[in-house]
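Each chain, written out:
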Amino acid sequence: MRVNQSYQKGDYDIMNFALTAELQSRFAPLPKNMHIIFCVIATVVFLALYIRKRKISDLLWLFVCDLPLILQFYGDSTTAAVVGVCEVILLVAIFVFWLQDRKAAKKQAHDESESDDGDGKDIDDLKDVEQAVKIERSKLAGNDADDNVINQAFDGYNP
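Owing to the predicted nature of the structure, the values given are computational and were not obtained by experimental measurement.

**Q** Before we go on, may I ask you to explain the overall build of the protein chain in this structure?
**A** Helix and strand counts for the protein chain stand at seven helices and zero strands. Along the chain direction, N to C, the helices and strands of the protein chain fall in the order α-α-α-α-α-α-α. Per-residue burial for the protein chain yields a buried fraction of 16% across its 159 residues. Excluding contacts between residues fewer than 6 apart, the proportion of contacts in the protein chain whose partners are at least 24 apart in sequence is 50%. Accessible surface computed for the protein chain: about 13,200 Å², of which carbon and sulfur atoms make up 61%.

Here it is as structure tokens:
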């Protein structure tokens with residue numbers, strides 16, 4: 001006797017899925033395997049950044065990415081709350097380090113611009129420009145510069 005054969009087939013599919021897929025913790029952002037892969041990639045990237053730049057904020061980002069992995073193994077609400085508070089503290093610390101780096105970069109740029117001003121090489125020397133203008137005017141006016149209206153208007157002007 002055949003009793004609800006389609007129900008039995010669907011029941012096997014659900015059981016097969018339940019046996020092959022792991023249940024995700026309710027506090028974890030990703031399934032366990034994907035989360036572990038993400039953490040390994042994040043660890044490699046942020047360690048490489050830290051080795052290259054020697055910034056503490058890169059290590060803090062490493063901990064921010066890897067800390068939620070604890071929730072895969074300890075899924076109670078107390079652990080989730082502690083991890084959440086630690087995440088907020090780490091993110092605030094990263095923001096503070098970012099502000100310090102930004103302030104230091106502005107100060108360094110300001111110091112460099114002041115040191116460039118003190119060289120004396122960047123002082124506006126208009127003699128070269130005046131000389132170039134006179135050469136161009138003489139080319140336009142020809143040989144009789146005294147009859148040129150432009151030369152009469154600007155060269156004899158003494159305020």
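Structure's up, so let's keep going.
**Q** Help me out: how do you make sense of unusual backbone geometry in this one?
**A** Phi is positive for Arg54, close to 60°, though the residue is something other than glycine. You can see Arg54 is positioned in the loop between helix 2 (32–53) and helix 3 (56–66). For Arg54, a relative accessible area of 55% gives the class exposed.

**Q** Help me understand the pattern of salt bridges, please; the structure alone is not making it clear to me.
**A** Any two side chains of opposite charge can pair, on the condition that their charged atoms come close. Evaluation of the coordinates by the stated rule reveals one salt bridge. Between Lys55 and Asp101 there is a salt bridge, with its nearest N and O atoms 3.8 Å apart. You can see Lys55 sitting in the loop between helix 2 and helix 3 and its partner Asp101 sitting in helix 5 (residues 77–117), a full 46 residues away along the chain. Overall, Lys55 belongs to the partly exposed group, its relative accessible area being 34%. For Asp101, a relative accessible area of 35% puts it in the partly exposed group.

**Q** Just checking my understanding: could you explain helix 2 for this structure?
**A** Here helix 2 is 22 residues long and its end C-alpha atoms lie 31 Å apart, about the 32 Å a rise of 1.5 Å per residue gives. Buried within helix 2 are the following residues: His35, Cys39, Ala42 and Phe46. With its buried residues spanning 75° around the axis, helix 2 presents them on a single face. Of the residues in helix 2, the exposed ones pointing more than 90 degrees away from the buried face are Asn33, Ile37, Ile41, Val44, Ile51 and Arg52. Buried residues belonging to helix 2 abut helix 3 and helix 4 (70–73). One or two residues past the end of helix 2 sits Arg54, with phi positive at roughly 60°.

Analysis parameters
Residues numbered from 1 in each chain as written. Predicted model: local features only at pLDDT ≥ 70, side-chain atom pairs only at ≥ 80, totals over all residues. Heavy atoms only, no water. Helix = DSSP H or I, 4+ residues; strand = E, 2+ residues; numbered from the N terminus. Buried < 20%, exposed > 50% of the residue type's maximum accessible area, 1.4 Å probe, protein only. Contact = heavy atoms within 4.5 Å. Areas by Shrake-Rupley, 256 points an atom, 1.4 Å probe, with all protein chains shown as cover. Salt bridge = Lys/Arg side-chain N within 4 Å of Asp/Glu carboxyl O. Expected span 1.5 Å × (residues − 1). Arc of directions from axis to C-beta.

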